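Read off the chains here:
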Amino acid sequence: MELEMETSKMLKSNTVRSIPIEFTDLTYQVNVPKQKEKKTVLKGISGTFLPGELTAIMGPSGAGKSSLMNILTGFTKTGVTGTIKFGDAPKARKLCCYIMQDDHFYAWFTVEETMMLAASLKISNESMPIRDRKLLIEQILETLKLTKTKHTRCSRLSGGQKKRLSIALELIDNPAVLFLDEPTTGLDSSSSFDTIKLLQKLASHGRTIVCTIHQPSSNIYNLFNQIYVMSQGYCTYQGTPDRTVDYFKSIGLECPPYHNPADFLLECVNGDYGDYTMALAEAAQKPEWRHDYNRSRPAIMASDKIVEANLGITSNGKVLHAQETFSNNSSHLYPPPEWMRLWLLIGRCHVQIFRDWSLTHIKLLMHILCAIIIGLLFGDSGSNADKQLSNFGSYLVHTLYLWYTTIMPGVLRFPQEIAIIKKESFNNWYKLRTFYLASLITSTPVHIILSTVYMTITYLMTDQPLEVDRFVKMILTSMMLTICADGLGIFLGTILNPVNGTFVGAVATCFMMIFSGFLILLTHMSDFMRMISYVSPIRYGLENMVLAMYSNNRQDTICPDDVLYCHFKNAATVLKSFGMENGNYGMNLGILVLQLVIYKSCAYFTLKRQVKRQ
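The residue count restarts for each chain, going from 1 along the sequence in the order it is written. Under the rules for a predicted model, residues below a pLDDT of 70 receive no local features and side-chain atom pairs below 80 are neither given nor counted, while totals for whole chains, interfaces and linings still include all residues. Hydrogen atoms and water are omitted, and side-chain values are computed over all heavy atoms in the structure.

(A) Examining the sheet that holds strand 8 (residues 226-231) more closely. Any two strands with at least two DSSP-identified bridges between them are counted as paired. Helix numbers and strand numbers start at the N terminus; a helix is a DSSP run of H or I with at least 4 residues, a strand a run of E with at least 2. Pairing is mixed in the open sheet, where six strands are placed in the order 5-6-7-3-8-9. Both outer strands of the open sheet, strand 5 (96-99) and strand 9 (234-239), are each paired with one neighbouring strand and no more. On average, each strand axis in the sheet is tilted by 15° relative to the strand beside it, whichever way the strands run. Pairing geometry for strand 3 (residues 53-58) and strand 7 (residues 208-212), over five bridges, is parallel. Paired with Glu 53 across the strands is Thr 208, a residue of strand 7. All axes here are fitted lines through C-alpha atoms, helices being fitted over the stretch that makes contact, and every angle between N-to-C directions spans 0 to 180 degrees.

(B) The arrangement of empty space enclosed by the protein in detail. Grid spacing is 1 Å over the protein atoms alone, the probe is 1.4 Å, and a cavity is where that probe fits but cannot get out, while a pocket is an open set with protein on both sides within 12 Å along at least five of seven lines and lining residues have an atom within 4 Å of a point. Grid points are joined across faces, edges and corners, and a volume is the space filled by probe spheres set on the points. In total, this model carries five cavities of 30 Å³ or more according to the counting rule given. There is about 290 Å³ of room inside the largest cavity. What lines the largest cavity is a set of 21 residues, among which Ile 353, Leu 359, Arg 413, Ser 439 and Ser 443 lie closest to the centre. Those elements that place two or more of their residues in the lining of the largest cavity are helix 12 (338-355), helix 14 (388-426) and helix 15 (432-461). At seven residues, helix 15 tops the list of elements feeding residues into the lining of the largest cavity.

(C) Region of the structure containing helix 12. Between the first and last residue of a helix there are one fewer steps than residues, each counted as 1.5 Å, and that sum is the expected span. Here helix 12 is 18 residues long and its end C-alpha atoms lie 26 Å apart, about the 26 Å a rise of 1.5 Å per residue gives. Inspection of helix 12 places Arg 341, Leu 342, Leu 344, Leu 345, Ile 346, Arg 348, Cys 349, Gln 352 and Ile 353 among the buried residues, and these make up the whole buried set. The elements touched by buried residues of helix 12 are helix 3 (111-122), helix 13 (361-378), helix 14 and helix 15. To sort residues, take the accessible area from a 1.4 Å probe on protein chains only and compare it with the maximum for the residue type: under 20% means buried, over 50% means exposed, and anything in between is partly exposed. Throughout, a residue-residue contact means that at least one pair of heavy atoms, one from each residue, lies within 4.5 Å.

(D) Quick look at the environment of Leu 345. In this structure, Leu 345 sits in helix 12. In the structure, Leu 345 is positioned 94 residues away from Ser 439 in sequence and 8.0 Å away in space, judged by C-alpha atoms. Apart from residues no more than four positions distant in its own chain, Leu 345 is found in contact with Leu 121, Tyr 430, Thr 434, Phe 435 and Ala 438.

(E) Structural detail: the UniProt feature "transmembrane region" (unreviewed entry) in the protein chain. Under the UniProt annotation, "transmembrane region" (unreviewed entry) lies at residues 364-383, 395-414, 435-462, 474-496, 503-522 and 585-607. Between the first and last C-alpha atoms of residues 474-496 the distance is 33 Å; the span itself is 96% helix and 0% strand. Secondary structure within residues 503-522 divides into 60% helix and 0% strand; the distance between the first and last C-alpha atoms comes to 27 Å. UniProt positions are given in the numbering used here, feature names are shortened, and annotations may be inferred rather than shown by experiment.

(F) Quick peek at the packing of aromatic side chains. Any Phe, Tyr or Trp ring, taking Trp's six-membered ring, that has another such ring centre within 6.5 Å forms a pair; planes under 30 degrees apart are called stacked, those over 60 apart edge-to-face, and the others tilted. For the structure shown, the criterion picks out 16 aromatic pairs. Ring geometry for Tyr 98 against Phe 426: centres 6.1 Å apart, planes inclined by 65°, an arrangement best described as edge-to-face. On the criterion of sequence distance, the pair formed by Tyr 98 in strand 5 and Phe 426 in helix 14 is long-range, its members being 328 residues apart. When the ring of Phe 392 is compared with that of Phe 518, the centres are 5.3 Å apart and the planes differ by 15°; the resulting orientation is stacked. Of this pair, Phe 392 sits in helix 14 while Phe 518 is found in the loop between helix 17 (498-514) and helix 18 (527-533), placing the two residues 126 residues apart along the sequence. Residue classification places Phe 392 among the buried positions, given a relative accessible area of 0%. Take Phe 518: its relative accessible area is 23%, and that puts it in the partly exposed class.

Structure, rendered in C-alpha cells:
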C-alpha cells in the first residue's frame, strides 16, 4: 500500500505538458522517376490536434496519411512547405515520440528487462533514482495490463501485448505527444478495441495522441475525439465521429440506415458515390464543421511562447530554412549523458551475445569442429616437405573459412535490427553513433576469440613450426581478416536485403579468392588484373599467412624417406614459386587495417542512411 502511494505521488509530480499541434497550408512534393514535374502529395492542408484528445487520421491508400504523419514527426523534411506549430514547450520534438506500425524488440530480453533498459537510457539517475524508476515501471506495466508478462521474453508476446509494450516503452519519459502508425494492424477486434481504449485513457491525462487507422469498426470509431479524413492530398473532414453522418448529408451524401459511419466515410472519399473530393475539401474548412475551430485557437494564441517550425523549399526540393523558438521551462526528467548510454548499450550487447546461441555458442562450436576436421584433413602438412603445396592450400582454406563465416552473420543480422535502431534512435533513446560504437566494442572481442580458437587448433594439428613470432603473426592476420569481413558484412547488410546481401557477399568472396594469388599466381596476372587484386582482403590475408610461415630464414622442412625429391623443402623456394618473396608482412597488415576502417566507416554511413529513410 505504501509503495502504491509513493508511486502515485511520483507520477503526479511528473505532470504531462499540454502541447497542441497546429499546421497551416502544408504542402508536400516528391520527385517522380522519369517525370519532369513533381507529384504533390499534400495540397495545402491545415488542421489542429488538441491535447487531451485522441485523433485518428483516416483515408484510402495513397491519400497522404503516412506523409502527413512523417512530416509532423520530423521523418520527412525535404519538399515540405507550410507552417507547423507546437504548443508552449521547450524542445517540443524531444517531447514527442513515434510508435511505428510494426513492433520490434530484442527477442532475448524479458518485458521487465526491456523496460528497465529503456528507463535507464531515457532517465538519468540524478533525476530519478533506480528505486523510483522501478516503481514507475511497475505502474506503467499495471496500467497497460502487462504485469503478468513481466518475466516473459519479448519473442513470446502476443500481438496485442507487443503493441502495449511499444506504448509502455515510450511512456517512461512521459511524452506530451504520441504518434502511432496503424496501432491496430494485425490485432483481432477485441485487442484493437482495448488498444484504442487505452490510447483514449492516455490522451485524457493531457497528452496529444495522433494515429493513422485504416478501417475501424463502429465501436472503435466512436472512441476517437476527432477524425481527420484525407483524400487525394486534401483534408475532406476534421470533426467529431458523431457528426460524420450530418456532415456528409450536408453535401448530398446520405448514410444508409444501420450502416457503419466509418465505412460510409471511406466509401465517400473513395468515390463510390461519385467524385466529391473538392466539395468535401471546401466543406471541411467551414467553421461549423471544424471540431478544433472554437477550442484550439484561443488555447494556442493565448501562449506567447510557442514552438514554431517554418519550412521553406528551394527549387531543387531541399529544405530552405527551419526556425524554432523554445520557451525556457525545464522538464522534470533529464536524459543521462551519452557516455552512460554507451555503457548501457555495451551491457545490452553483451547480454545479447551470451543469450543468442546462434551468434556465439553455435559459432564457437562450429569453429572448433571445423578446425579439427581441417586439422585432420591436412595432417602434418606444416612440417612435411612433400606436402607444402597442400600446406599452402590450407592457408587459403583458413582465410576463406574465417572470411565467409564472419561476413554472412553481418549480412543477415543487421537488416533485422535496423527497425529497432530506427525506432530507438528516432525517439531519442540514444544517438546512432553511440549504438554503433557499442556494437563495435562488443563484437570485436568475440571475433578475436573465435578466430584465435580456430587458428590455434589448426596451427597445432597441421604441425606448423612452434615459434612464438610465427604463431602470433598467424593469429594477428586471422583477427584482422575476421574484423574486416565483419565490416563488409555490416555494410552489405545495411544496403541490401538478406537475400541480395547473401548473394552479393558470396559472389564477392569468390572473386576475392580468385585474386588471392593461389588459383592463379600474382606473377601470372596481367598488370591490370594485378591492380584489381589490391582490393582483395583475402589476398593480403593469404600472403601474410605464407610470409608468417616461410619468411625470416625458416629452417628446411623434412622430406620423407620414401620420397626421392621434395621441391618445396626450402622455404625460400616456396616464396619464390608463388611470387611472394618480396612480400611485406607489416604493409599487408596495415592495408587490412585500412580496409576494415573503410568498411566499418562506410557501414556506419549506410546504416545512418537506412535509419533516416522513411
